[in-house]
Amino acid sequence: MIDYFPALPPLSDSEQELINLKVDIDSKYKLPKKVTYCTRCVISNQRPRITFDSEGVCSACRYWERKKTLIDWGARERELQDLCDRYRRTDGAFDVLVPSSGGKDSVYVAWELKTKYGMHPLTMTWAPHMYTEIGIRNFQAQVHAGLDNVCYTPNGIVHRKMTRLSTIDIGDPFQPFIYGQTYLPLRVALNYGIELVMDGENGESEYGGDIATESKTGFTPKDAEQFWLSSFPLDHWKKRGFSDRDLEIYRAPDFEKLHKSNVERHFFSYYRDWRPQNHYYYCMENTNFAPNPNGRSEGTFSKYASLDDQIDPYHHYFSLLKFGIARATSDAAHEIREGLLDRDDAVQLVRRYDAERPSEKTTQVFLEYIGLTAGQLEEVMERWRNTRLWTGRGVIAKLNEQVTI
Ligand SMILES: [Zn+2]
């Protein structure tokens, strides 16, 4: 038992009704009925918004091809220098905000901006649901390496209730967290008078999504809403009984104020060839980053990505239930594109790790966090199990034959 967790109220009638209501996952996410896999990586066409061309190659693999052949990285570097020249302050004020959990990617961005471009970054952390020990350690490491940081932590009761409802209602515990990732950096930038926000990668291009975003230097709040928040706008929570006070920290910035300001939000991956494994080595060397002490993270073979949140495995597990795609698939696909893994080895890794159930310990923390019993969680998972992809009830036993890669 986590001794500082007050008990959440039991499930409301409407939450219980939702659990019993079957979801048409295929229509909801516009998923193709027949599963096909990219001929180069291990991603399937079940990833929302990904596209495959006539040769069966996914949009992320094509983007990586263009990164190697078409993009003039020298020109992008000059664009980055110009951008920094426009925003750099000489009066000691912070001049760039870097949203950061303390992970290797965002710390790499902040450290490069500080040491190579002479910027004065403020890193901003939207706290994970439940920190892991290695997550806290790496969060502290970035600060002690020499970065200023502000950390925002939402009201625990509200965040836990929202996370429970989000798990039931949209089959993803992470939706409340996504509001903070999307909006809070802009609000903090406005508050501190910082006019440049530098995010890490454009996930739509890097991992497979809408290819129209590829040439964008960054996302506007409208873009972010379209890609990450469209299925669950913030107003939705009011209908579910959350008050304005409850929702304050999740809110969008004041758009009038934002449009009057010069705040711009950019992706570092537009300017730099984005290579997560290099960021790992870079942060080990420069900012005392440490990998997962368990040797690998749950549900995957990798040891250096997304280490900070104890309930993270359930975010990926729900993706597995809905789309048949979880963390090992994403990690392996990315490593193939980076040239670190060949496809045959990647297929073995996906088969070995992708459908791994979150550990007993993770499950216990998740259940206490969202205030469900093990039986109720099984019912919620059953609600989000895509029966076209999976056989077996509750516990996923094996991949249906049609999705074997
Ligand atoms: Zn691919």
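Residues numbered from 1 in each chain as written. Predicted model: local features only at pLDDT ≥ 70, side-chain atom pairs only at ≥ 80, totals over all residues. Heavy atoms only, no water.

Help me understand the pattern of salt bridges in this model?
Close approach of charged atoms allows side chains with opposite charge to pair. Counted according to the given criterion, the structure contains 27 salt bridges. Between Arg 251 and Glu 248 there is a salt bridge, and its shortest N-O distance comes to 3.9 Å. Residue Glu 248 is classed as partly exposed on the basis of its relative accessible area, which comes to 40%. (Salt bridge = Lys/Arg side-chain N within 4 Å of Asp/Glu carboxyl O. Buried < 20%, exposed > 50% of the residue type's maximum accessible area, 1.4 Å probe, protein only.)

What am I meant to see in the confidence of the model for the protein here?
Should pLDDT be low for a region, the predicted coordinates there are not to be read in detail. When pLDDT is averaged along the protein, the result is 90, and 94% of the positions lie at 70 or above. pLDDT under 50 marks residues 394-402. Its contacts with residues more than four places away, or in other chains, come to 21 contacts. (pLDDT = per-residue confidence, 0-100. Contact = heavy atoms within 4.5 Å.)

What's the story with the packing of aromatic side chains in this structure? I'm lost.
Ring pairs (aromatic) are described by centroid distance and by the angle formed between their planes. The full count for this structure, using the stated rule, is 18 aromatic pairs. Look at Tyr 108 and Tyr 282: their rings are 5.0 Å apart centre to centre, the planes differ by 90°, and that puts the pair in the edge-to-face class. Taken together, the positions of Tyr 108 in helix H5 (residues 104-115) and Tyr 282 in helix H15 (residues 276-286) put the pair 174 residues apart, joining distant regions of the chain. You can call Tyr 108 buried: its relative accessible area is 8%. Using a relative accessible area of 18% as the deciding quantity, one classes Tyr 282 as buried. Judged by centre distance (6.0 Å) and plane angle (40°), the ring pair of Tyr 131 and Phe 139 falls under tilted. Classification of Phe 139 by relative accessible area gives buried; the value is 12%. Three or more aromatic residues joined by ring pairs form one cluster here, namely Tyr 108, Phe 268, Trp 274 and Tyr 282. (Phe/Tyr/Trp six-rings, centres within 6.5 Å; stacked < 30°, edge-to-face > 60°. Helix = DSSP H or I, 4+ residues; strand = E, 2+ residues; numbered from the N terminus.)

How should I be thinking about helix H17 (residues 327-337) in this particular structure?
Note that an α-helix has 3.6 residues per turn; residues three or four places apart therefore point the same way. Counted residue by residue, H17 has 10 buried out of 11 residues, so it is predominantly covered. For H17, the elements touching its buried residues are helix H3 (59-69), helix H9 (203-206), H15, helix H16 (312-323) and helix H18 (343-353). After H17 finishes, the residue Gly 339 shows a positive phi value of roughly 80°.

What's the story with the pairing of strand S4 (residues 196-199) in this structure? I'm lost.
Where a strand is regular, its side chains alternate between the two sheet faces. Covered by surrounding structure in S4 are Leu 196 and Met 198 together with Val 197 and Asp 199, the residues of both alternating faces. Summarising the sheet, S4 and strand S5 (residues 264-267) pair through four bridges and their orientation is parallel. The partner of Asp 199 across the bridge, within S5, is Phe 267. (Pairing = 2+ DSSP bridges.)

Help me understand the coordination of the zinc ion, please; the structure alone is not making it clear to me.
In an ideal tetrahedron of four donors about a metal, each angle is 109.5 degrees. In an ideal octahedron of six donors, the angles are 90 or 180 degrees. The protein atoms that coordinate the zinc ion are Cys 38 (SG), Cys 41 (SG), Cys 58 (SG) and Cys 61 (SG), at distances of 2.3 Å. Of note is the zinc ion, whose four donor atoms meet at the metal with angles of 105 to 115° in an arrangement that counts as tetrahedral. (Donors = N, O, S within 2.8 Å, 3.2 Å for Na, K, Ca; no water. Tetrahedral: all angles 85-135°; square planar, octahedral: opposite > 155°, others 65-115°.)

How should I be thinking about the nonpolar core in this particular structure?
Nonpolar side chains in soluble globular proteins tend to be buried together. Formed by 82 residues in total, the largest nonpolar core has its most connected members in Cys 41, Val 42, Cys 58, Leu 97, Trp 237 and Phe 318. Residue contributions to this core peak at eight residues, all from helix H8 (residues 175-192). Residue assignment places this core across two domains, with domain 1 (13-67 + 299-403) and domain 2 (69-271) each supplying three or more. By size, the runner-up hydrophobic cluster in this structure holds 32 residues, among which are Val 98, Leu 147, Phe 267 and Tyr 270. (Core = buried A, V, L, I, M, F, W, Y, C linked by side-chain atoms within 4.5 Å. Domains from an automatic or database assignment.)

Can you walk me through empty space enclosed by the protein in this structure?
For the structure shown, the criterion picks out three cavities of 30 Å³ or more. By volume, the largest cavity amounts to about 70 Å³. At three residues, H16 tops the list of elements feeding residues into the lining of the largest cavity. Taken together, the residues that form the lining of the largest cavity break down as four nonpolar, two polar and five charged. Space inside the second largest cavity adds up to approximately 50 Å³. (1 Å grid on protein atoms, 1.4 Å probe; cavity = no way out; pocket = protein on both sides within 12 Å on 5 of 7 lines; lining within 4 Å. Points joined across faces, edges and corners; volume = space filled by probe spheres on them. Nonpolar A, V, L, I, M, F, W, Y, C, P; charged D, E, K, R; others polar.)

I would appreciate a short explanation of the packing of helix H7 (residues 156-170) against H8 in the present structure.
For any two helices packed against each other, the geometry is given by the interaxial angle and the distance between the axes. Orientation of H7 relative to H8, taken along the N-to-C sense of each, is 115°, at an axis distance of 7 Å. Relative to H8, H7 is oriented roughly perpendicular. Residues His 159, Met 162, Thr 163, Ser 166 and Ile 170 of H7 form the contact with H8, whose own contacting residues are Gln 175, Pro 176 and Phe 177. Of the residues in the contact of H7 with H8, the class split is four nonpolar, four polar and no charged. (Axes fitted to C-alpha atoms, helices over the stretch in contact; angles between N-to-C directions. Parallel < 35°, antiparallel > 145°, perpendicular 65-115°, else oblique.)

Is there a simple way to explain the pairing of strand S3 (residues 148-152) in this structure?
Examined bridge by bridge, strand S2 (residues 121-126) and S3 share five bridges and lie parallel to one another. Bridge pairing in S3 places Thr 123 opposite Asn 149. Tracing the backbone out of S2, into helix H6 (residues 133-146) and back to the parallel element S3 gives a crossover that is right-handed. (Right-handed = clockwise from strand over helix to strand, strands pointing away.)

Can you walk me through the domain arrangement of the protein in this structure?
Where the parts come together, the accessible area they lose is often given as the size of the interface. Under the domain assignment used here, the protein contains domain 1 (13-67 + 299-403) and domain 2 (69-271). Listed as interface residues are 40 residues of domain 1 and, on the opposing side, 40 residues of domain 2. At the boundary of domain 1 with domain 2, total buried surface from both sides reaches about 3800 Å², with 54% on carbon and sulfur atoms. Linking domain 1 with domain 2 are one salt bridge. Across the pair Arg 164 and Glu 15 runs a salt bridge whose closest N-O atoms are separated by 3.6 Å. One can count 22 residue pairs in polar contact (both at pLDDT 80 or more) joining domain 1 with domain 2. In terms of residue class, the side of domain 1 that touches domain 2 is built from 21 nonpolar, six polar and 13 charged. (Buried area = accessible area lost by both parts, 1.4 Å probe. Polar contact = N/O pair within 3.5 Å; in protein donor to acceptor, adjacent residues only side chain to side chain.)

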